[in-house]
Amino acid sequence: MNPHLPKHLAVPGLVWLGPLLLLAGLASPALWSQWRSGRMAELLVISLLALGAGAGLARWTRRPMASVLVPVWLALLVLFAGALPVAATLLFALACTALGGMACPRAPLGEQALTGALLVAAALGWLLQLPVHHAPVYLLGCVALVALRHRALADALRAARHGWHDAVSGAPRAAAFALVVLGLASTACWLPTVQFDDLAYHLGIPWQLQEHALYRPDPRLQVWSLAPWATDVLQAVPQVMSGREARGPVNFAWLALLACGVWRLCRGLQASASVAWLSVALVASLPFTASLAGGMQTELPTAAALVWLAVRVSAPPDGSLRFWIHVAILAGGLAAMKTTAAAMAAVLV
């Protein structure tokens, strides 16, 4: 950094060095000789179709492009993943939000949903070996939570709607761009479950709960049967309720939680709305993000939980018992997702 430059010019100059080096790398013939298009053509077609549908809906409803892109991607998820798994996941998400609202009533909607999901995973984890995991039981539990907390849930949804409106109106073009990129990442949720680790282990808990209403962890049959199970338990709830695999809709929810957490973290660090939306697009554009959305690995929910834990600990602590209980739920949930996630949680704690 040039010491003679004023400070307000030196820092932006350093920031723009990254894009300049990227352009220099793109101009290298060696790079293009090894480039493979992959799914670029398909993603380009899907993005153009989504933009076309969004533009038509935006003109018809007179709403921002980002707001109408959400139902477009949801409709495509229903088309490819099935209406029943999507409906079961939506009901489960509402129930988790209702439960999480008890632990953190003043937290954003996404944080309430994540907190409730971790509490559900903790409770069901103690009941895995009992034959109580039936679809009517899960349905009754979800409906009861939503009914008992319907007023608080309605307030949280209303606040989230207003927050969404403010977020989009603050940077409508950046928001639309982020929703397109996030939607492209969610196309991996349309695919069937075919990854090796999912078939060899992760589907074990959902399918055993669906078929037998209990889970028998036997390390003689599967060496990973006693590994952390939190994310697989959460995958199982919509599957048991719908009677079909619900990996795609559940991962769609994890993507949404990750995006909301990134946006909230950026705004909490005083970033502009445009920078926050571009950060969401950056996270969604990582190749690993779409790859994780196509499987049942723990890293996608781990990323979402880590971001929300960062949101919580980066804010000024109020010193209350409720604050520390909330931090403990997020950190404990990360430990239940994967052992290595506990180390990352410990750093933030």
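Everything numeric here is computed off the predicted structure, so don't read it as measured data.

Visitor: Before we move on, can you summarise the overall build of the protein chain with the specific residues and values?
Guide: Along the protein chain, the regular secondary structure elements total 19 helices and zero strands. In terms of overall size, the protein chain behaves like a compact globule, its C-alpha atoms giving a radius of gyration of 21 Å where 349 residues would be expected to give roughly 20 Å. The dimensions of the protein chain, computed from C-alpha atoms along their principal axes, are 70 × 50 × 50 Å. Partitioning the contacts of the protein chain with sequence separation of at least 6, the portion at a separation of at least 24 is 75%.

Visitor: Which residues make up the environment of Met 337, and what values do they have?
Guide: By the secondary structure assignment, Met 337 is in helix 18 (residues 321–337). It is 18 Å that separates the C-alpha atoms of Met 337 and Ala 246, two residues lying 91 residues apart in sequence. Apart from residues no more than four positions distant in its own chain, Met 337 is found in contact with Leu 118, Pro 228, Ala 230, Thr 231, Trp 254, Thr 298, Pro 301, Thr 302 and Ala 305.

Visitor: I'd like a description of the packing of aromatic side chains, backed by residues and values.
Guide: The tally for this structure, following the rule as stated, stands at four aromatic pairs. Ring centres of Phe 80 and Trp 190 lie 4.5 Å apart, and the angle between their planes is 10°; this geometry places the pair in the stacked category. Of this pair, Phe 80 sits in helix 5 (residues 65–81) while Trp 190 sits in the loop between helix 10 (172–186) and helix 11 (196–202), and the two are 110 residues apart along the sequence. Its relative accessible area of 44% is what places Phe 80 among the partly exposed residues. Relative to Trp 324, the ring of Phe 323 lies with its centre 5.0 Å away and its plane at 85°, an arrangement referred to as edge-to-face. Judged by its relative accessible area of 8%, Phe 323 falls in the buried class. One aromatic cluster in this structure is built from Trp 164, Trp 263 and Trp 277.

Visitor: Account for the confidence of the model for the protein chain, naming residues and giving values.
Guide: Mean pLDDT over the protein chain: 90, with 96% of residues reaching 70 or higher. Within the protein chain, the lowest mean pLDDT, 58, falls on helix 1 (residues 7–15), and the highest, 97, falls on helix 8 (residues 135–148). Overall, residues 5–10 carries pLDDT values under 50, and its contacts beyond four positions in sequence, including any with other chains, amount to three contacts.

Visitor: How would you sum up the side chain of Thr 231? Please name residues and give values.
Guide: Along the chain, Thr 231 turns up in helix 13 (residues 230–242). Given a relative accessible area of 5%, Thr 231 falls into the buried group.

Procedures and definitions
- Numbers given to residues run from 1 along each chain, matching the order in which its sequence is written.
- Reporting of local features is limited, given that this is a predicted model, to residues whose pLDDT is at least 70; pairs of side-chain atoms are given and counted only at 80 or more, and all residues count toward the totals for whole chains, interfaces and linings.
- The side-chain numbers reported here are obtained from all heavy atoms of the structure, hydrogens and water having been left aside.
- A run of H or I in DSSP becomes a helix once it reaches four residues, and a run of E becomes a strand once it reaches two; helices and strands are each numbered from the N terminus.
- We compute the radius of gyration from the C-alpha atoms alone; for a globule the expected value is 2.2 Å times N to the 0.38, where N is the number of residues.
- By definition in these notes, contact holds between two residues if any of their heavy atoms fall within 4.5 Å.
- Note on aromatic pairs: the rings of Phe, Tyr and Trp (six-membered ring only in Trp) are paired at centre separations within 6.5 Å, and the planes decide the class, stacked below 30 degrees, edge-to-face beyond 60, tilted for the rest.
- The cut-offs for exposure are 20% and 50% of the maximum accessible area for each residue type, with area from a 1.4 Å probe on protein chains only; residues under the lower value are buried, those over the upper are exposed, and the others partly exposed.
- The score called pLDDT rates the predictor's confidence residue by residue, from a low of 0 to a high of 100.

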